[in-house]
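# Understanding the architecture of this molecule
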Amino acid sequence: MATLIPIEWMQSDRRLDCPCCGHSVLNESGRVVSDPCSHFLFHWDGDLGGFDDCDDVTEHLLGDSVDFSVENAVHQLPTGIELLQIEVRDHACGPIQQTDYVAFNQLNV
């Protein structure tokens with residue numbers, strides 16, 4: 001079972017670094033960088049309503065983007081996976097609220 005870690009962002013800069021190695025994973029727009037680290041598993045983007053980046057094995061395990069469920073992800077992903085639940089709130093051009101999910105395999109070396 002994966003570990004769910006809720007995070008609240010009150011900013012427009014959505015950069016994210018890997019909690020395992022510090023490598024950049026999401027850029028300032030909240031999109032996956034071109035060369036994420038080996039710990040990175042997937043990014044489910046609440047703005048897109050789907051996976052921004054996900055390997056085939058993980059996507060098959062969790063189902064397609066439309067059917068993504070955090071409860072299913074927590075139970076389907078194995079121990080050693082950190083699933084960040086990122087609540088994004090911003091008021092740059094009016095109120096914005098969305099939830100993104102980013103997963104890391106802390107056991108990958």
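Okay, so let's go over this structure. Keep in mind that what you see is a predicted model, and the values were worked out from it rather than measured. (Residues numbered from 1 in each chain as written. Predicted model: local features only at pLDDT ≥ 70, side-chain atom pairs only at ≥ 80, totals over all residues. Heavy atoms only, no water.)

This part is about the side chain of aspartate 45. If you trace the backbone, aspartate 45 turns up in strand S4 (residues 40-45). Exposure remark for aspartate 45: the relative accessible area of 0% places this residue in the buried category. Only 2.6 Å separates the side chain of aspartate 45 from the backbone nitrogen of aspartate 47, close enough to count as a polar contact. With sequence-adjacent residues up to four places away left out, aspartate 45 is seen in contact with Arg14, Gly30, Arg31, Gly50, Asp52, Gln98 and Asp100. (Helix = DSSP H or I, 4+ residues; strand = E, 2+ residues; numbered from the N terminus. Buried < 20%, exposed > 50% of the residue type's maximum accessible area, 1.4 Å probe, protein only. Polar contact = N/O pair within 3.5 Å; in protein donor to acceptor, adjacent residues only side chain to side chain. Contact = heavy atoms within 4.5 Å.)

This part is about the nonpolar core. Grouped together as the largest cluster of nonpolar side chains are 16 residues, with contacts concentrated most on Phe42, Phe51, Leu62, Phe68, Leu77, Leu83 and Tyr101. Of all the secondary-structure elements, those providing two or more residues to this core are S4, strand S5 (50-54), helix H2 (70-76), strand S6 (81-90) and strand S7 (96-105). If sequence neighbours within four positions are ignored, tyrosine 101 has contacts with Phe42, His43, Trp44, Phe68, Val70, Leu83, Leu84 and Gln85. Core analysis: the second largest hydrophobic core is formed by 13 residues, Cys18, Val25, Val32 and Cys37 among them. (Core = buried A, V, L, I, M, F, W, Y, C linked by side-chain atoms within 4.5 Å.)

Residue placement: glutamine 76 occurs in helix H2. Residue classification places glutamine 76 among the partly exposed positions, given a relative accessible area of 38%. Taking the C-alpha atoms as reference points, glutamine 76 and cysteine 54, separated by 22 residues in sequence, lie 15 Å from one another. In contact with glutamine 76, other than residues within four places in its own chain, are Leu61 and Leu62.

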